[in-house]
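Understanding the architecture of this molecule
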Amino acid sequence: MPKPLKTIPFTTQKYKQMQQKVLELEAEREVVMARLIEARGIGDLSENGAYQYAKFELGNIGRQLRRFKTLLQQGFAAPKHTAGKGTVDFGSFVVVQKTDASKPKLEFTIVSKHESDL
């Protein structure tokens, strides 16, 4: 099976954050799994709220892990943009100032759709 192409650009900071989140979720999964095993030992699983909640938590953690791992497999940390003034590209930090100086200026970092925060 061929390796997936690394086609999704991320800022270095975001890529590292996702790697850290995977480590945190894997550690959390171990804790929840221990709670699930403990709750399973209590008895009747159909009326065991602790068991049902632990299963629910494991499902959420699993979904998040799959999402982040897929993004990390298909993504890459793009090099920081160093083009000259007036050029906007991925990773650029852009400041928009209206001609009226009393209006607040807007600041943006240009990122991919997977990293954007609407």
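A brief structural summary.

1. Topic: the layout of surface pockets
For the largest pocket, the calculated volume is near 250 Å³. If you trace the largest pocket, you find 14 residues lining it, with T11, T12, Q13, T109 and E115 closest to the centre. With four residues, helix α1 (residues 12–40) is the largest single contributor of residues to the lining of the largest pocket. A breakdown of the residues in the lining of the largest pocket according to their chemical character gives four nonpolar, seven polar and three charged.

2. What about the nonpolar core?
F10 and M18 are the most contacted members of the largest nonpolar core, which has 17 residues in total. At the level of elements, β1 (8–10), α1 and α2 (49–74) are the ones that each hand at least two residues to this core. Counting residues per element, this core draws most heavily on α2, at eight residues. Contact partners of F10, with chain neighbours within four places excluded, come to Y15, M18, L71, G75, F76, A77, A78, F90, H114 and E115.

3. Comments concerning the side chain of T11
Relative to the helices and strands, T11 is located in the loop between β1 and α1. Under the relative-accessibility criterion, T11 is labelled buried at 16%. Separated by 2.5 Å, the side chains of T11 and E115 make a polar contact. Beyond its immediate sequence surroundings of up to four residues, T11 is in contact with F90, V111 and E115.

4. Section: a nonpolar patch on the surface
Among the surface-exposed residues, V88, V96, L106, F108 and I110 lie close enough to one another that they form a single nonpolar patch of about 400 Å² accessible area. With respect to the helices, strands and loops of the structure, I110 is situated in the segment after β4 (106–109). Given the relative accessible area of 31%, I110 is considered partly exposed.

5. Comments concerning the packing of α1 against α2
Axis separation between α1 and α2 bottoms out at 9 Å; the angle between their running directions is 160°. One way to sum up the angle between α1 and α2 is to call them roughly antiparallel. In terms of crossing hand, the pair formed by α1 and α2 is left-handed.

Calculation rules
Residues numbered from 1 in each chain as written. Predicted model: local features only at pLDDT ≥ 70, side-chain atom pairs only at ≥ 80, totals over all residues. Heavy atoms only, no water. 1 Å grid on protein atoms, 1.4 Å probe; cavity = no way out; pocket = protein on both sides within 12 Å on 5 of 7 lines; lining within 4 Å. Points joined across faces, edges and corners; volume = space filled by probe spheres on them. Helix = DSSP H or I, 4+ residues; strand = E, 2+ residues; numbered from the N terminus. Nonpolar A, V, L, I, M, F, W, Y, C, P; charged D, E, K, R; others polar. Core = buried A, V, L, I, M, F, W, Y, C linked by side-chain atoms within 4.5 Å. Buried < 20%, exposed > 50% of the residue type's maximum accessible area, 1.4 Å probe, protein only. Contact = heavy atoms within 4.5 Å. Polar contact = N/O pair within 3.5 Å; in protein donor to acceptor, adjacent residues only side chain to side chain. Patch = residues over 30% accessible without salt bridge, like charges linked within 9 Å, V, L, I, M, F, W, Y side chains within 5 Å. Areas by Shrake-Rupley, 256 points an atom, 1.4 Å probe, with all protein chains shown as cover. Salt bridge = Lys/Arg side-chain N within 4 Å of Asp/Glu carboxyl O. Axes fitted to C-alpha atoms, helices over the stretch in contact; angles between N-to-C directions. Parallel < 35°, antiparallel > 145°, perpendicular 65-115°, else oblique. Left-handed = near helix turned anticlockwise from the far one by under 90°.

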